Amino acid sequence: MKYQDAPRPPQSTGWALHDSNQAGSSPPDFVQHARNLRNLGITFYKILADGENKAQRAKVYLQHGIMPIVRLYAPRPHPRHIPDPNHVKQYVDVGVRYFEIGNEGNLLEEWEEGAWYEVKRDHTDPKKKSHGAWMAHQWIQASAVVRGQGGLPLVYAATPGGHVNHTIW
């Protein structure tokens, strides 16, 4: 899809904010929060969701001209976490289009316990996958789930710096 064809909120400013780092946390009044965001010029908002717990919040944001990006949380999601299609569908059903399934794969803290070092050790064998190859494999599988439910998968965010530099990652 070309950038100019990607779904955008009405009168998009391109300005965005990220949700709390607590997947269960939400403001007490979704409508007021959406109004406050719009008053600040925010038209995109990344929601950190634990399953379908923030679907109604996403719906309210959409009603107020804010395009949610849903990051479906999983602890240490890399390199094997694949989203539950039912969770994706709950968000698509309220109008969400964008999904991020993983997070900061260039940090070893975002990898399953021991998996980072296992891959690093095996990386010397040309027949084994590198960290990037593991991530690409995971993204292809996860994005198929998202697309299968009518969503649009986004590339995982990388943290500045990291255990593998974000510009290389």
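Residues numbered from 1 in each chain as written. Predicted model: local features only at pLDDT ≥ 70, side-chain atom pairs only at ≥ 80, totals over all residues. Heavy atoms only, no water.

Undergrad: Go over the nonpolar core, please, and point to the residues and values.
TA: Core analysis: the largest hydrophobic core is formed by 29 residues, its most contacted members being Tyr61, Val70, Leu72, Tyr91, Val96, Phe99 and Ile101. For this core, the secondary-structure elements that each account for two or more residues are α1 (30-39), β2 (44-49), α2 (55-63), β3 (67-72), α3 (85-93), α4 (115-122) and α5 (131-148). For Leu72, the contacting residues outside a window of four places in its chain are Ala49, Gly51, His81, Pro83, His87, Val88, Tyr91, Phe99, Glu100 and Ile101. (Core = buried A, V, L, I, M, F, W, Y, C linked by side-chain atoms within 4.5 Å. Buried < 20%, exposed > 50% of the residue type's maximum accessible area, 1.4 Å probe, protein only. Helix = DSSP H or I, 4+ residues; strand = E, 2+ residues; numbered from the N terminus. Contact = heavy atoms within 4.5 Å.)

Undergrad: Can you tell me about the pattern of salt bridges, naming the residues and giving the values?
TA: Any two side chains of opposite charge can pair if their charged atoms end up close together. Applying the stated criterion to the full structure yields six salt bridges. In this structure, the salt-bridge partner of Glu113 is Arg76, at a minimum N-O distance of 2.9 Å. Highlighted residues: Glu113 in the loop between β4 (98-100) and α4 and Arg76 in the loop between β3 and α3, separated in sequence by 37 residues. The partner of Lys89 in a salt bridge is Asp93, and the shortest N-O contact between them spans 3.1 Å. (Salt bridge = Lys/Arg side-chain N within 4 Å of Asp/Glu carboxyl O.)

Undergrad: Quick rundown of the environment of Gln149? Include the residues and the values.
TA: Here Gln149 lies in the loop between α5 and β5 (152-153). Here Gln149 falls in the partly exposed class, since its relative accessible area comes to 26%.

Undergrad: Run through the sheet that holds β3, naming residues and quoting values.
TA: Read across the open sheet, the five strands follow the order β1-β2-β3-β4-β5; overall the sheet is parallel. The open sheet has two edge strands, β1 (16-18) and β5, and neither has a second partner. Note: β3 against β4, three bridges, orientation parallel. Paired with Val70 across the two strands is Phe99, which belongs to β4. In the packing of α3 onto the sheet, contacts are made with β2, β3 and β4, and the angle to β3 comes to roughly 170 degrees. (Pairing = 2+ DSSP bridges. Axes fitted to C-alpha atoms, helices over the stretch in contact; angles between N-to-C directions.)

Bear in mind that shape data such as this cannot, by itself, settle questions of function.
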